[in-house]
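# Fold and geometry: a report
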Amino acid sequence: MAAVLEGLEPEETAAAAEDAARSAVEAVESRLGAPFLLAGNQLNLDVHPGGCHRLQYLCSQQPPELLQVEFLRLSTHEDPRLLDDTLAQVPWSLLRLRSLVLKGGQSRGALGACLHGTLTTLPAGLSGMACLAHLDLSFNRLETLPPCILELRSLDALLLSHNRLSELPEVLGALPTLTFLSVRHNCLERLPATLGSLSALQRLDLSENLLDTIPSEIGNLSSLSELNLASNRLQNLPASLVGLRSLRLLVLHSNLLTSVPTGLAHLPLITRLDLRDNQLRDLPAELLDAPFVRVQGNPLGEASPAPPSPPDISQIPEMPRLFLTSDLDSFLVTPHGCSVTLACGVRLQFPAGATTTPITIHYRLWLPEPHLVSLGPHDFLLSGVLELQPHGVAFQQDVSLWLLFVPPRVQRCREVVVRTRSDDSWTDLETHLEEEAPKRLWARCQVPHFSWFLVVLRPVSNTCLLPPEGALLCSSGHPGVKVTFPSGATEEPRQVSMQVVHMAGLELRALLEESEASVSPLLCLSQNGPPSFLQPVTVQLPLPPGITGFSLDRSHLHLLYRTPSTTTWDDITTQVALELTHLYARFQVTHFSWYWLWYTTKTCVGGLARKAWERLRLHRVNLIALQRRRDPEQVLLQCLPRNKVDATLCRLMDRYRGPEPSDTVEMFEGEKFFAAFERGIDVDADRPDCVDGRICFVFYSHLKNVKEVYITTALDREAQAVRGQVSFYRGSLPEEVPQEAEAARQRKGTDALWMATLPIKLPRLRGPQGSGQGTVFSLMPLNLGDAETGFLTQSNLLSVASRLGPDWPTVALHLGMPYRELQRIRHEFRDDLDGQIRHMLFSWAERQAGQPGAVGHLVQALEQSDRQDVAEEVRAILELGRHKYQDSIRRTGLAPEDSPLPGASASQTPESAQA
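With an omega dihedral of 5 degrees, the bond running from Q389 to P390 counts as a cis peptide bond. With respect to the helices, strands and loops of the structure, P390 is situated in the loop between β20 (385-389) and β21 (399-405).

Okay, here's the thing in structure tokens:
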């Protein structure tokens, strides 16, 4: 708007500004579809965009209702200049204002990161607001306390959490009426001594800062009843704390405390003292026996270690940097620390002193499998699974881990977190995102232990510590979603989490085939304890879009409830009392579970809700089956997102041939399904992922889902080609697999067991010479060796390939393969170790066809590669072949019973050696 007003006279500028504000408000109101309302003495302008334009317009019009406003809420996700201009008008227009809430944090970035407001200071004119008692500036960008705040003599509550304050001014003690001060999650390193002058202060929250000391003047806060110093760097406490005779709650968890004042146990009114996760090794008996004291996570009773001598900085070498190649799966960490970049793109940083002795770290990148990955109903996997060993190892300093991932498409109200496994359960770590390129991001976290790690995109999770006194939990991504916990909802403090999932209205209406249908956001409540509350809690959900409390038909409004252990939704509308306002619905519940508001004319919405809920986590994928041109018995099976099919086929069709991609199949994240070979075609059942001849798949978004298998047939292929099929089945194996192609004409559906069927064709074998029959291309049967030394068939080589593992490059070099060919195989079959091994072994065997001594060369190469186990297995196969060949000769009378094994004759075929 400032650009539009440039070059105008002052009178014209004022008129143009008023017109622009009015136009902006009218545009917002037309988009919302409802006129602007003042609700009594409250003016809430933080729910919808355009709040500053609305307020400027009201201030210019000065309606009589504006003079009665005592409570103002305004979002700070606005242009900074527009926000400053708007706040400058507040003291002159809202003369009776008692509460001013200027909060950020109500919007989320593309990856779910909380966006702070643009507020960096306050206009000086706010100092004249004589009635202002409540000021909330949370989730903004304040680096210093605005001077005008220190002149608000009637201020009762000041909330400054989630800003960038590094210190508080000494003149803070000049606020005589202040009873509540919250500076949570800032950068405070010290506190002013004048803090003790706030004689009326009752609640003080300084948690999640960088404090290492507390001034002794804090003992002068005679009215203080709640003090929260959690998650700082405190090593000791002032003895003056025992003078806080009004103290009821003292929270000190997650610090570095080695001792606490003894007199804390004698405070007359204290009901809770939280000392968890510190370095306390000894506590007075009166504190240990007190029922209100929490001491978990302290090394109580352990002997104190000798203090380490300070290191000589001049003797400490520069931290080494390691860059591992794909041939290395371990590295050494010394007490000097190191920075490591793994071949898979992961980075680790071990600071100096992280370990007291050298330790070897092993790593491995796994493909996701159900027993390794834990995903919620609406979680998306963004990476493979990184394993770091030895598991559970503890370090003296925090170890930093960077996991690289490709950012997903923009997801509303979602966030990226690193998830780790500990004691058979998965937990999410505090994660920070660092951008490397527009399509490459790092997820950085502090590693608490070594185990399995992966990157997950999840709905934004808001958590709070619920004390017995009750609490209020709000959603940071969905304004209006709140849960109020009354006093007595729990007997002891519990961690409570809330997730909110949004569903697009157009998709829902298409699913229900009802133009007026709409739903509220989907709410999930969970906690680390029993699934129920001791007292009913109040849930507030926004009404479905397009519905207001004045226009809705209550017979069309349904409240649905679902327990985590079931897949059905219950309509509990008649079992709860729904309190409706213009924008919200409030109701009381007693269980942690899923809750959903529906507005629809359907009489039974349980089944519809299940379909809509499944649609929230739906992926559309294609299943393809391609045969290798060089070896038709090798089949590539792949499951991939629909938008990647064309590019994948273009890349593969020069080496593979096969049918077009299957029809689109509806699948869910982490869903298991099977590929079953039918009509005379089978697959080697020795594979670990093979069940009764069916290959198991698990689909995860953003990852390659590839299987390469060798198929076989018991039918005679000399006369004709074998036409079979591969069918995909959801969930579990069917008792009877359809054998005919008619399965392809079955009805496709989300819940159908059968998903798709694709044809497989094996060309006939090359006929005998002179038969006169037409021949088609096929890979000739591979028989390596001769009757004297024994034969290795294709099946034998597959068994050898399954045993080689990461040692295959060493074996290949001893077989005489050039290093350049090894690199080409690695590149061609990247991320597929089995494909690399099979391609190396069979390409070498094909070149050895008809040459004597090839089998002995293979055995020698295995021994030189320290794979004596595989060499012994090959010898056993050869010995068995020689015995079979000798027995066959004796049975046909070609040799006497006591004659030695003769050489192979021209009439003998190699197949007889393995009959």
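For any two aromatic rings, the description comes down to two numbers: the centre-to-centre distance and the angle of the planes. In this structure the tally under the stated criterion is 14 aromatic pairs. Both rings, one in F587 and one in Y595, keep their centres 6.1 Å apart while their planes meet at 50 degrees; by these two values the pair is tilted. The same class applies to F587 and to Y595, which are both buried. On the numbers, 5.4 Å between centres and 80 degrees between planes, the contact of W596 with W598 is edge-to-face. Here the two residues W596 and W598 agree in accessibility, since each one is buried. Here the basic side chain of R347 rests over the ring of W442, its NZ or CZ set 4.4 Å away from the ring centre. Here the basic side chain of R562 rests over the ring of W613, its NZ or CZ set 4.1 Å away from the ring centre.

This paragraph deals with helix α3 (residues 51-61). Most of α3 is tucked away, with eight of its eleven residues classed as buried. Every buried residue of α3 is accounted for by G51, C52, H53, R54, L55, Q56, L58 and C59. Two residues or fewer past α3, Q62 is found with a positive phi of approximately 50 degrees.

On to the nonpolar core. If you look at the biggest cluster of nonpolar residues, it comprises 76 residues, and the most contacted ones within it are L122, L135, L181, L204, L227 and L273. Of all elements in the fold, only β1 (42-45), α3, β2 (71-74) and α4 (80-93) reach the threshold of two or more residues within this core. Among residues more than four places away in sequence, those in contact with L273 are L250, L252, L264, L287, F292, V293 and R294. In terms of nonpolar packing, the next biggest core, distinct from the first, is built from 34 residues, L324, C338, L342 and Y363 among them.

Moving on, we get to the environment of L142. Relative to the helices and strands, L142 resides in the loop between β6 (134-136) and β7 (157-159). Sequence separation of L142 and T121 is 21 residues, and the distance between their C-alpha atoms is 6.4 Å. Excluding its chain neighbours within four sequence positions, the residues that come into contact with L142 are L119, T120, T121, L137, L160, N163, R164 and L165.

Taken together, the five strands give an open sheet; going across it, the order is β28-β29-β33-β37-β36, and neighbouring strands pair in antiparallel fashion. Sheet topology places β28 (471-474) and β36 (579-580) at the edges, where each strand pairs with a single neighbour. Where strand β29 (residues 482-485) meets strand β33 (residues 532-542), three bridges bridge the pair, whose relative direction is antiparallel. From the neighbouring strand, K482 faces β33, where its bridge partner is Q540.

Glancing now at the pairing of strand β30 (residues 494-501). Counting buried residues along β30, six of its eight residues qualify, which places the element largely inside the surrounding structure. Where strand β27 (residues 461-466) meets β30, six bridges bridge the pair, whose relative direction is antiparallel. Following the sheet pairing, L466 is matched in β30 by R494. One ladder, built from six bridges, connects β30 with strand β32 (residues 522-527); its direction is antiparallel.

What counts and how
- Residues numbered from 1 in each chain as written.
- Predicted model: local features only at pLDDT ≥ 70, side-chain atom pairs only at ≥ 80, totals over all residues.
- Heavy atoms only, no water.
- Helix = DSSP H or I, 4+ residues; strand = E, 2+ residues; numbered from the N terminus.
- Phe/Tyr/Trp six-rings, centres within 6.5 Å; stacked < 30°, edge-to-face > 60°.
- Buried < 20%, exposed > 50% of the residue type's maximum accessible area, 1.4 Å probe, protein only.
- Lys NZ or Arg CZ within 6 Å of the ring centre and 35° of its normal.
- Core = buried A, V, L, I, M, F, W, Y, C linked by side-chain atoms within 4.5 Å.
- Contact = heavy atoms within 4.5 Å.
- Pairing = 2+ DSSP bridges.

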